[in-house]
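So the chains spell out like this:
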Amino acid sequence: MKKTFFTFCLACLFAGLCRAQVSPLKFDKNGSFKIVQFTDVHFKYGNPASDVALKRIGEVIDAEHPDLVVFTGDVIYAAPGDIGMRTVLSCVSERKVPFVVTFGNHDDEQGKTRAELYDIIRSVPFNLQPDRGSKESPDHVLTVKSSDGKKDAALLYCIDSHSYSKLPDVKGYDWLTFDQVDWYRRQSASYKAANGGQPLPALAFFHIPLPEYNEAAASETAILRGTRMETACAPAMNTGMFTAMKEAGDVMGIFVGHDHDNDYSVMWRGILLAYGRYTGGNTVYNHLPNGARVIQLKEGERTFTTWIHLKGGVVTDKTVYPDSYVKDDWKKRPLTTE
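Residues numbered from 1 in each chain as written. Predicted model: local features only at pLDDT ≥ 70, side-chain atom pairs only at ≥ 80, totals over all residues. Heavy atoms only, no water.

## Focus: helix H5 (residues 178-194)
Item 1. Given a rise of 1.5 Å per residue, 17 residues ought to cover 24 Å, and the 24 Å separating the end C-alpha atoms of H5 matches this to within 8%.
Item 2. Every buried residue of H5 is listed here: Gln180, Val181, Trp183, Tyr184 and Ser188. Down the axis of H5, the sector holding all buried residues measures 160°, keeping them to one side. Exposed positions of H5 whose direction lies more than 90 degrees from the buried face are Phe178, Asp179, Ala193 and Ala194.
Item 3. Of the surrounding secondary structure, the elements contacted by the buried residues of H5 are strand S4 (140-145), strand S5 (152-158), helix H7 (241-248) and strand S8 (251-256).
Item 4. Downstream of H5 by one or two residues, Gly196 has phi in the positive range, about 70°. (Helix = DSSP H or I, 4+ residues; strand = E, 2+ residues; numbered from the N terminus. Expected span 1.5 Å × (residues − 1). Buried < 20%, exposed > 50% of the residue type's maximum accessible area, 1.4 Å probe, protein only. Arc of directions from axis to C-beta. Contact = heavy atoms within 4.5 Å.)

## Examining the environment of Lys318
Item 1. The topology assignment puts Lys318 in strand S13 (residues 315-321).
Item 2. Along the sequence, Lys318 and Thr305 sit 13 residues apart, while their C-alpha atoms lie 7.1 Å from each other.
Item 3. Residues contacting Lys318, with those up to four places away along its chain left out, are Arg225, Thr305, Thr306 and Trp307.

## With respect to the environment of Arg114
Item 1. Tracing the backbone through its elements, the reader meets Arg114 in helix H4 (residues 114-122).
Item 2. Take Arg114: its relative accessible area is 6%, and that puts it in the buried class.
Item 3. For Arg114 and Lys135, which are 21 residues apart along the polypeptide, the C-alpha to C-alpha distance reads 9.6 Å.
Item 4. Excluding residues that lie within four positions of it along the chain, Arg114 makes contacts with Phe103, Gly104, Asp108, Glu136, Asp160, His162 and Ser163.
Item 5. Polar contacts involving the side chain of Arg114 include one to the side chain of Asp160, which spans 3.0 Å.
Item 6. For Arg114, the side chain forms a polar contact with the side chain of Ser163, separated by 3.4 Å. (Polar contact = N/O pair within 3.5 Å; in protein donor to acceptor, adjacent residues only side chain to side chain.)

## Topic: the packing of helix H2 (residues 51-64) against helix H3 (residues 81-93)
Item 1. Close contact between H2 and H3 brings their axes to 9 Å; oriented N to C, the two are set at 15°. With respect to their mutual orientation, H2 and H3 come out roughly parallel. Handedness of the H2/H3 crossing: right-handed. Judged by residue contacts, Leu54, Ile57 and Ile61 of H2 engage Thr87, Val88, Cys91 and Val92 from H3. (Axes fitted to C-alpha atoms, helices over the stretch in contact; angles between N-to-C directions. Parallel < 35°, antiparallel > 145°, perpendicular 65-115°, else oblique. Left-handed = near helix turned anticlockwise from the far one by under 90°.)

## Brief notes about the sheet that holds strand S3 (residues 99-102)
Item 1. Across the sheet, six strands lie side by side as S3-S2-S1-S11-S12-S13; this open sheet has mixed pairing. Two strands close off the open sheet at either side, each with one partner strand: S3 and S13. Strand-to-strand twist in this sheet, taken as the mean axis angle between neighbours without regard to direction, amounts to 20°.
Item 2. Two strands pair when backbone bridges link them, and strand S12 (residues 304-309) and S13 are joined in this way by five bridges, in the antiparallel orientation. Pairing of His309 across the sheet is with Val315, part of S13.
Item 3. Strand contacts of H2: strand S1 (32-38), strand S2 (68-72), strand S11 (292-298) and S12, with the helix running at about 175° to S1, the strand carrying the most contacts. (Pairing = 2+ DSSP bridges.)

## So, the side chain of His106
Item 1. Mapping His106 onto the fold places it in the loop between S3 and H4.
Item 2. Given the relative accessible area of 17%, His106 is considered buried.
Item 3. Here the side chain of His106 touches Asn105 through a polar contact of 3.3 Å, side chain to side chain.
Item 4. In contact with His106, not counting residues within four places along its chain, are His42, Asp74, Ile76, Tyr77 and Tyr164.

## Considering the sheet that holds S5
Across a sheet, strands are paired by hydrogen bonds formed along the backbone, either parallel or antiparallel in direction.
Item 1. If you trace the seven strands from one edge of the open sheet to the other, you get S4-S5-S6-S8-S10-S9-S7, paired in mixed fashion. Single-partner strands in this sheet number two, and they are S4 and strand S7 (224-225).
Item 2. With four bridges connecting them, strand S9 (residues 265-268) and strand S10 (residues 271-275) associate as antiparallel partners. Note on S10: the bridge partner recorded for Met267 is Leu272.
Item 3. Contacting S4, S5 and S8, H5 runs over the sheet at an angle of about 175° to S5.
Item 4. Of the strands in this sheet, strand S6 (202-205), S8, S9 and S10 touch H7, which is tilted by about 135° from S10.

## Some thoughts on H4
Item 1. Most of H4 is tucked away, with seven of its nine residues classed as buried.
Item 2. Within the sequence span of H4, burial applies to Arg114, Ala115, Leu117, Tyr118, Ile120, Ile121 and Arg122.

## Quick notes on the packing of H5 against H7
Item 1. Contact geometry for H5 and H7: axes closest at 10 Å, N-to-C directions at 10°. The orientation of H5 with respect to H7, classified from their angle, is roughly parallel. Residue-level inspection shows Gln180, Val181, Tyr184, Arg185 and Ser188 of H5 in contact with H7, the latter providing Met241, Ala244, Met245, Glu247 and Ala248.
Item 2. The residue inventory of the contact of H5 with H7, partitioned by class, reads six nonpolar, two polar and two charged. (Nonpolar A, V, L, I, M, F, W, Y, C, P; charged D, E, K, R; others polar.)

Right, here's the structure in full:
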């Protein structure tokens, strides 16, 4: 018992030291903050097919020099889950880049529970996960400070979208709970009040897309950029997170994974609904060359630039929110003879 307690204390101390190495997130002197989103790594430890995923993660980080890395679920796809998770995250931590992980529906199917995986992530240097307390995987908000470090300038919501429906008569994937919607509302309102009644520019990250992804992709009035080769595998039930975000007015874009053959972004009622780019190797279905999504925020403005980064530094589908997704008035275009 004493040995077990001693080991636990050491683990807690190590996790604290890991977090102590991370400086507060902030915009740089040029007013820029860059995020790299890796999604659906589907890493299988000991399987050579996964080597390309680790290689791509390293390549993208070395080329983009992000201020933050976000993994949006399905990081691992085989046991041993603990070794697999550490192997993937080491690609980021050894480069001393802060990171967070939101779970997918497959992460806790590899011999480790969500809580166990969460604690493993917390022990890896440069993680920004908060203490989970009594929860398996708590939702949390990362604040990005202004370039002078004096105030909060942007918010990043990191949310657990769970796995599968718990209702026997409702098939498919799970949905965000009413408690999560309420949590988001309270967080958003608190930061808005602290900012003089103005919503802070915000992004949201989780794994399973909202039902609104299919609604937007099917609309003839919405501008869609990127690749859509499958229907969004969204929950059958809608608990109103999109509506909550629209009403609160802070979230500019939502970034998910889950559907490996999608990397599109589509504007829907003023919020950009976007996929990351499949990052894994040939360990599960995929028909897009693996890579990552990059998001660059601009301090003090409700705008961001985003693109897909592929092998060899190839950049594709570069867009600017909101300008790239708003139809212009064709009657006001300048005359041209070309």
